[in-house]
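In case you want the letters, here they are:
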Amino acid sequence: MDRIRIRGGARLRGEIPISGAKNAALKLMAASLLTDEPLTLTNVPALVDVAFMAELLRSFGVAVELEPGTRLGEGGRLSLCAARLTSTTAEYDIVRKMRASFQVLGPLLARHGEAKVSLPGGCAIGARPVDFHIKGFEALGARIDLADGYVLARAPEGLTGATYEMPFASVGATENLMTGAALARGRTVLKNVAREPETQDLGHCLIAMGARISGLGTSEIVIDGVERLNGIEYKVMPDRIETGTYAIATAIAGGEVELVGARAENVGALIGLLEKIGTEVAATKRGFAVHRNGFRPISVDVVTDVYPAFPTDLQAQFMTLMAIAEGTSHIRETVFENRFMHVPELARMGADIHVEGDTAIVRGVPGLKGAPVMATDLRASSSLVLAGLAAEGETIVNRVYHLDRGFERLEEKLSAVGAEIERLKA
Ligand code: UD1
C-alpha cells in the first residue's frame, strides 16, 4: 500500500489549481441515470471515488466514456449515457466502498420504477443511517423493503409528488429525493433541506436538463415533476473542501499561496476564522490567496454544522492548525458523532488534544514532531499530511488510499508550492 513521506518545515509559495468537486461530481454522475441521452461532464476530478461511481454506473449498463485522448482532471470530458439499462441492482461489493453509491436510488426508482441498493459503507465516521432517504421515498409513494442488507424500492407507476420535511438537513437525502422528484408526477416540496453548494450544483444541472426546481440554496425546495429530462454538457463546480484544505495548509506551514479557480464565497466560514487567527486572505483575479508570515496563529473555537456554517469535512484539518496555535481551542462536531479518529494520530505527533463528548479541547503547542501515522478516513488523512508540513523531521502517512478517494494529486500539488512531500509506492 502506498505511503506519503513529508519532511516538515518548508514554507509554501506559489499557486495551487483547485480541482472539480468530488461531492458534486459523484451526484452529477448518478443523475445521468435520469435520461436516455448522454450527460457530458467536464472538470471531473481524477479520484478513486469517481472510478467507483463509474464502475457502479457501468454495472447498470450505463456507457461511461472519457473523450478519447483526454484524461480526467486535465480537461477530460466524461460522457455518461443511460440509453438502455441492463440492471437496477447496486451490489454490496461496490456500495460498501463508497456511501455516495446510495445516490443512485432516486434516479433508478424515478426512471425505472424499481431499485435494489445495498445499504452503504464508506468512511467509518459514525452510524450514518439512510432513514431520511427511505422515509422521503415512501412519502413519494415508493414501497420500500429491507432484506439481506439491501434496500428494495418499488414504484411501478412512478413516484408521486408529496411534501416531506427532513429531521436534519442531510446532504445525501436532499440530493437523492430531489433527483427522484424531478421525474415524479406533480409537485414535491422538500423542507429543511441541505443548502450545500454541491447540492445547488446538482440542482442547477437538473434544471439545465429540463427539471423544474426552485428554492435551491434555501431550506425549502419545490420540484414540479416533468416527464423526461435531456442530455446536456455540464461543468462540475470547484472543490470547496480541497480549497479549504490548502488554505489551512498555508496557514499551518506559513508562506503565501494562491488557490486558482477557488470560490471564496463557498468557504466563507473558514475564511472568517483564518482572518481571526491572523492569516491574511485576499481575493485575486483567479480565486483567492492565503498569506501567513512569522507569527504563530491564535486559537479560536469552532462548531461544525450544515452549510453555510463551518463544514465537518474541514474539521480535522482545522484541528491540526489549532494544534500549533497559541492558546486553547474548543472544536465541537455536530454533524457526525464519531469524527475524532485523527486525534490519537495527531497526539502521536505531539499535539495536546482531549476529547469530551462531541468537543475536542486543543491546547496549542509550539511545534509538532514527525512520526509514522495512519490515515483513518478521507478528511482525517489530509489533517495528518498537514500536520507533517508543520512537524519537525519526517512524517510517514500510512493507508493513503483514503486520500486518493478525495484529493486529486495531493502530493504533486503540495510539492509544487515547496512542500517536501513524496509518495512511496508500495
Ligand atoms: C455528505 C458528504 C460528506 C459530508 C456530509 C456532511 C458526499 C458524498 N458526502 O455526506 O463529505 O461530510 O455530507 O456535510 O457528498 N443522517 C441520518 N439519516 C439519513 C441521512 C443522514 O441520520 O438518512 C445523518 C448522518 O448520520 C449524519 C448527518 O445526518 O450524522 C449528516 O449526513 P448527510 O448530510 O446525509 O451526509 P452525507 O450525504 O452522507
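Computed from a predicted model, the values in this text were never measured in an experiment.

So, how was this worked out
Residues numbered from 1 in each chain as written. Predicted model: local features only at pLDDT ≥ 70, side-chain atom pairs only at ≥ 80, totals over all residues. Heavy atoms only, no water. Helix = DSSP H or I, 4+ residues; strand = E, 2+ residues; numbered from the N terminus. Expected span 1.5 Å × (residues − 1). Buried < 20%, exposed > 50% of the residue type's maximum accessible area, 1.4 Å probe, protein only. Contact = heavy atoms within 4.5 Å. Domains from an automatic or database assignment. Buried area = accessible area lost by both parts, 1.4 Å probe. Axes fitted to C-alpha atoms, helices over the stretch in contact; angles between N-to-C directions. Parallel < 35°, antiparallel > 145°, perpendicular 65-115°, else oblique. Left-handed = near helix turned anticlockwise from the far one by under 90°. Nonpolar A, V, L, I, M, F, W, Y, C, P; charged D, E, K, R; others polar. Pairing = 2+ DSSP bridges.

1. Brief notes about helix 7 (residues 197-208)
1) Next: In this model, helix 7 (twelve residues) spans 16 Å end to end at C-alpha, consistent with the 16 Å of a helix rising 1.5 Å per residue.
2) Next: Within the sequence span of helix 7, burial applies to Pro-197, Glu-198, Thr-199, Asp-201, Leu-202, Gly-203, Cys-205 and Leu-206.
3) Next: Buried-residue contacts for helix 7 involve helix 1 (22-31), strand 3 (39-42), helix 6 (171-182), strand 12 (212-214), strand 14 (233-235) and helix 8 (240-253).
4) Next: At the C-terminal side of helix 7, Gly-210 shows a positive phi close to 115°.

2. Here we look at the domain arrangement of the protein chain
1) Next: The assigned domain composition of the protein chain is domain 1 (3-18 + 238-424) and domain 2 (22-235).
2) Next: Computed from C-alpha coordinates alone, the two centres of domain 1 and domain 2 are separated by 30 Å.
3) Next: Opposite the 21 residues of domain 1 that make contact, domain 2 presents 23 residues.
4) Next: Buried area between domain 1 and domain 2, both sides added, is near 2,000 Å², and the carbon and sulfur share of it is 53%.
5) Next: Three residues stand out in domain 1 for area buried against domain 2, namely Tyr-307, Arg-405 and Glu-408, and they jointly supply 34% of the buried area on that side.

3. Structural notes on the packing of helix 1 against helix 7
1) Next: The interhelical angle for the contact between helix 1 and helix 7, taken along N-to-C directions, is 30°, at an axis separation of 9 Å. One way to sum up the angle between helix 1 and helix 7 is to call them roughly parallel. The handedness of the crossing between helix 1 and helix 7 comes out as right-handed. In this structure, helix 1 contributes Asn-23, Ala-24, Lys-27, Leu-28 and Ala-31 to the contact, and helix 7 contributes Glu-198, Asp-201, Leu-202, Cys-205 and Leu-206.
2) Next: Looking at the contact of helix 1 with helix 7 residue by residue, the classes come out as six nonpolar, one polar and three charged.

4. As for the sheet that holds strand 13 (residues 220-224)
Paired through their backbone hydrogen bonds, the strands of a sheet run either parallel or antiparallel.
1) Next: Judged by pairing direction, the sheet is mixed, and its four strands sit side by side in the order 10-11-13-12 without closing on themselves. The open sheet is flanked by strand 10 (163-165) and strand 12, the only strands paired with a single partner. Sheet twist, expressed as the average angle between the axes of neighbouring strands with direction ignored, equals 15°.
2) Next: Relative to strand 13, strand 11 (residues 187-191) is paired through five bridges, and the arrangement is antiparallel. Within strand 13, the position partnered with Val-189 by the bridge is Val-222.

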